[in-house]
Amino acid sequence: MNARNATAGLVLSGATLLLTACGSGTETNTSAATAPSTTTTTTTTTAAPAPTTKAATTTAPTGASTVAAPAAERPSSAAGGPAACVTRDLEFAIKPSKGMGDVRSADVVITNVHADGPCGVFGYGGLGLMNAQGGALPTNLTRLNVPAQGLVPQQITLAPGASARQHLEWTDTTATGGGAAGCVTSADVVLTPPDDEPSAVVPFTATVCNSGTITGWPYVAR
């Protein structure tokens with residue numbers, strides 16, 4: 001895995017996540033327009049402290065937790081498809097999008113850098129916000145599932161060099177002059193791909209309000 005090209009790059013999937021100053025940036029988001037607020041599951045996580053020294057992408061310490069997708073939503077592969085992509089096969093990045101009002105967004109991008117063959121991605125990634133000291137911040141990941149708009153988990157096959165993305169959205173009330181109550185400001189994010197537990201730590205500076213609530217779309221091919 002590359003040292004600091006990743007996931008934490010607002011990474012997050014994810015929920016789990018990989019995101020930049022207040023989630024703002026110049027890259028235009030290529031995901032679908034904001035979908036209705038109908039969601040499936042909301043989970044709160046408190047990650048164990050992670051190391052304060054990190055490369056662009058580093059492996060999170062054993063025991064660090066993120067909001068992970070339920071096992072029932074994470075088959076390792078479709079029938080006859082490749083094995084699930086795991087952290088060691090992937091490069092992580094977070095790419096911010098231009099926000100509107102107090103809504104901020106970013107895409108977590110995972111790329112198959114394993115040269116031996118394809119791997120599979122299905123569902124939602126996990127994520128956990130961290131402060132500059134490597135400590136866990138409150139993170140509430142809501143997974144968006146809207147069948148009427150096609151926003152449901154789908155099996156994706158990543159050939160070597162191919163990527164998938166998970167769109168993330170959150171609210172920063174301080175961007176429009178609102179108060180900072182219930183907001184947290186991250187320095188990094190811990191990202192976990194679907195169907196795996198080891199995580200990667202990626203730089204992600206963002207102010208996330210509503211007690212660290214982030215909405216994650218299912219992964220789609222990029």
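Details of the structure are given in the entry above.
Rules and cut-offs
- Residues numbered from 1 in each chain as written.
- Predicted model: local features only at pLDDT ≥ 70, side-chain atom pairs only at ≥ 80, totals over all residues.
- Heavy atoms only, no water.
- Helix = DSSP H or I, 4+ residues; strand = E, 2+ residues; numbered from the N terminus.
- Buried < 20%, exposed > 50% of the residue type's maximum accessible area, 1.4 Å probe, protein only.
- Areas by Shrake-Rupley, 256 points an atom, 1.4 Å probe, with all protein chains shown as cover.
- Contact = heavy atoms within 4.5 Å.
- Salt bridge = Lys/Arg side-chain N within 4 Å of Asp/Glu carboxyl O.
- Core = buried A, V, L, I, M, F, W, Y, C linked by side-chain atoms within 4.5 Å.
- Disulfide = S-S within 2.5 Å.
- Pairing = 2+ DSSP bridges.
- Polar contact = N/O pair within 3.5 Å; in protein donor to acceptor, adjacent residues only side chain to side chain.

**Student:** Would you take a moment to explain the overall build of the protein chain for this structure?
**Tutor:** Broken down by element type, the protein chain carries 1 helix and 13 strands. What you see in the protein chain, going N to C, is helices and strands ordered as β-β-β-β-β-β-β-β-β-β-β-α-β-β. With 222 residues in all, the protein chain has 52% of them scored as buried. Surface accessibility of the protein chain: about 8800 Å² in total, with carbon and sulfur atoms responsible for 53%.

**Student:** Where do I start with the environment of His114 in this structure?
**Tutor:** In this structure, His114 sits in the loop between strand 4 (103-112) and strand 5 (119-122). Considering only alpha carbons, one finds His114 and Pro160, 46 residues apart in sequence, at a separation of 6.0 Å. Setting aside anything within four residues of it in sequence, one finds His114 in contact with Asp89 and Pro160.

**Student:** Got a minute to help me understand the pattern of salt bridges in this structure?
**Tutor:** For side chains of opposite charge, pairing can occur when their charged atoms come near one another. What the rule picks out here adds up to 1 salt bridge. A salt bridge links Arg165 to Asp107, with the nearest nitrogen and oxygen atoms 3.7 Å apart. Taken as a pair, Arg165 in strand 9 (residues 163-171) and Asp107 in strand 4 lie far apart in primary sequence, 58 residues in all. According to the relative accessible area criterion, Arg165 is buried, its value standing at 10%. Classification of Asp107 as buried rests on a relative accessible area of 6%.

**Student:** So what exactly am I meant to see when it comes to the nonpolar core here?
**Tutor:** A general feature of soluble globular proteins is that nonpolar side chains tend to end up buried together. Residues Leu129, Trp170, Val189, Leu191 and Ile214 are the most contacted members of the largest nonpolar core, which totals 28 residues. Contributing elements (two or more residues each) for this core: strand 3 (90-96), strand 4, strand 5, strand 6 (126-130), strand 8 (155-158), strand 9, strand 10 (184-192) and strand 11 (200-208). By residue number, the principal contributor to this core is strand 11, which donates 5 residues.

**Student:** Would you take a moment to explain the state of the cysteines for this structure?
**Tutor:** Every disulfide links exactly two cysteines, by a covalent bond between their sulfur atoms. All told, the structure shown has 2 disulfides when counted by the stated rule. Covalently, Cys85 is tied to Cys119 through a disulfide, its sulfur atoms 1.9 Å apart. Here Cys85 and Cys119 share a disulfide; its torsion about the S-S bond, 90°, makes the bridge right-handed. With Cys85 in the loop between strand 2 (58-59) and strand 3 and Cys119 in strand 5, this residue pair connects regions lying 34 residues apart in the sequence. The pair Cys85 / Cys119 is uniform in exposure class, with both members buried. The side chain of Cys183 participates in a disulfide bridge whose partner is Cys209; the two sulfur atoms lie 2.0 Å from each other. The disulfide joining Cys183 to Cys209 has a torsion of about 100° about its S-S bond and is therefore right-handed. In this pair, Cys183 is assigned in the loop between strand 9 and strand 10 and Cys209 in helix 1 (residues 209-212), connecting sequence segments 26 residues apart.

**Student:** What is the right way to look at the pairing of strand 6 in this model?
**Tutor:** Note on strand geometry: in a regular strand, side chains alternate between the two faces of the sheet. For strand 6, the tally of buried residues reaches 5 of 5 residues, placing the bulk of the element in the interior. Of the two faces of strand 6, the one holding Gly126, Gly128 and Met130 and the one holding Leu127 and Leu129 are both buried throughout. The pairing of strand 6 with strand 10 spans 5 bridges and is classified as antiparallel. Within strand 10, the position partnered with Met130 by the bridge is Asp188.

**Student:** For this particular structure, what's the right way to read the side chain of Thr139?
**Tutor:** With respect to the secondary-structure elements, Thr139 resides in strand 7 (residues 139-144). A polar contact is formed between the side chain of Thr139 and the backbone nitrogen of Leu129, at a distance of 3.0 Å. Only 3.1 Å separates the side chain of Thr139 from the backbone oxygen of Leu137, close enough to count as a polar contact.

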